[in-house]
Amino acid sequence: MTKRRKRKSTLKYRQRKLETYTFTRQLYDFLREHPDSISFKKLRKICGYYDAEHEEIVIDPRRDIVATLIHEAAHHIHTNWCETKILQKEHQVMSCLTPTQCTNIIIALGMSLK
């Protein structure tokens, strides 16, 4: 019984890692295809927002940039999802990211700002 539980949890972990990988690929594609779509602005009471009309993400640089970028990119990728589902996706991706993946996201963000 213990082996069966361990196998299920490993399978769920692998599935979450695969979903995280897929999401980060979509994030990299967004940053590459829309290089002028990210801007930084001091905001009150929010970390950022996604403007669907202009396909633009605005991030408060005083807050957690990676988590905000992931959250707002999820709004771009999954336009019909509710805020609760977006928050779950953000939490899932942030909990599965390795330090190397976070570094790569920051580098990709920097490359899209140039």
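Position labels on residues start from 1 in each chain and follow its written sequence. Given that the model is predicted, a residue must reach a pLDDT of at least 70 before its local features are reported, and side-chain atom pairs must reach 80 or more before they are shown or counted; all residues, however, enter totals for whole chains, interfaces and linings. Side-chain calculation: all heavy atoms of the structure are included, whereas hydrogens and water are not.

## Section: helix α3 (residues 83-96)
For the record, the criterion: Helix and strand assignments come from DSSP, with helices taken as H or I runs of at least 4 residues and strands as E runs of at least 2, each series counted from the N terminus. Every helix has an expected span of 1.5 Å times one less than the residues it contains. Using a 1.4 Å probe on the protein chains alone, a residue whose accessible area is under 20% of its type maximum counts as buried, one over 50% counts as exposed, and one in between counts as partly exposed. The directions from the helix axis to the C-beta atoms are what the arc is built from.
Over its 14 residues, α3 extends 20 Å from the first C-alpha to the last, a length consistent with the 20 Å expected when each residue adds 1.5 Å. For α3, every residue scored as buried is listed here: Ile 86, Lys 89, Glu 90, Gln 92, Val 93 and Cys 96. For α3, the buried positions fall inside an angular range of 165 degrees around the axis, keeping them on one side. For α3, the exposed residues lying more than 90 degrees away from the buried face are Thr 84, Gln 88, His 91 and Ser 95.

## Quick look at the pairing of strand β3 (residues 56-59)
Basically, it comes down to this: Any two strands between which DSSP finds at least two bridges are classified as paired.
Two strands pair when backbone bridges link them, and strand β1 (residues 38-40) and β3 are joined in this way by 3 bridges, in the parallel orientation. Bridge assignment links Ser 39 to a residue of β3, and that residue is Val 58. Where strand β2 (residues 48-51) and β3 come together, 4 bridges link them in antiparallel fashion. From the neighbouring strand, Gly 48 faces β3, where its bridge partner is Ile 59.

## Here we look at the side chain of Ser 112
For clarity, the cut-off: Polar contact is defined as a pair of N or O atoms within 3.5 Å, subject to the rule that within protein one atom must be able to donate a hydrogen and the other to accept it, and that residues adjacent in sequence are counted only when both atoms are side-chain atoms. Throughout, a contact is declared for two residues whenever any of their heavy atoms are within 4.5 Å.
Residue position: Ser 112 is located in helix α4 (residues 99-113). Here Leu 109 takes part through its backbone oxygen, which lies 2.8 Å from a polar atom of the side chain of Ser 112. Apart from residues lying up to four places away in sequence, Ser 112 is in contact with Leu 31, Pro 35 and Ile 38.

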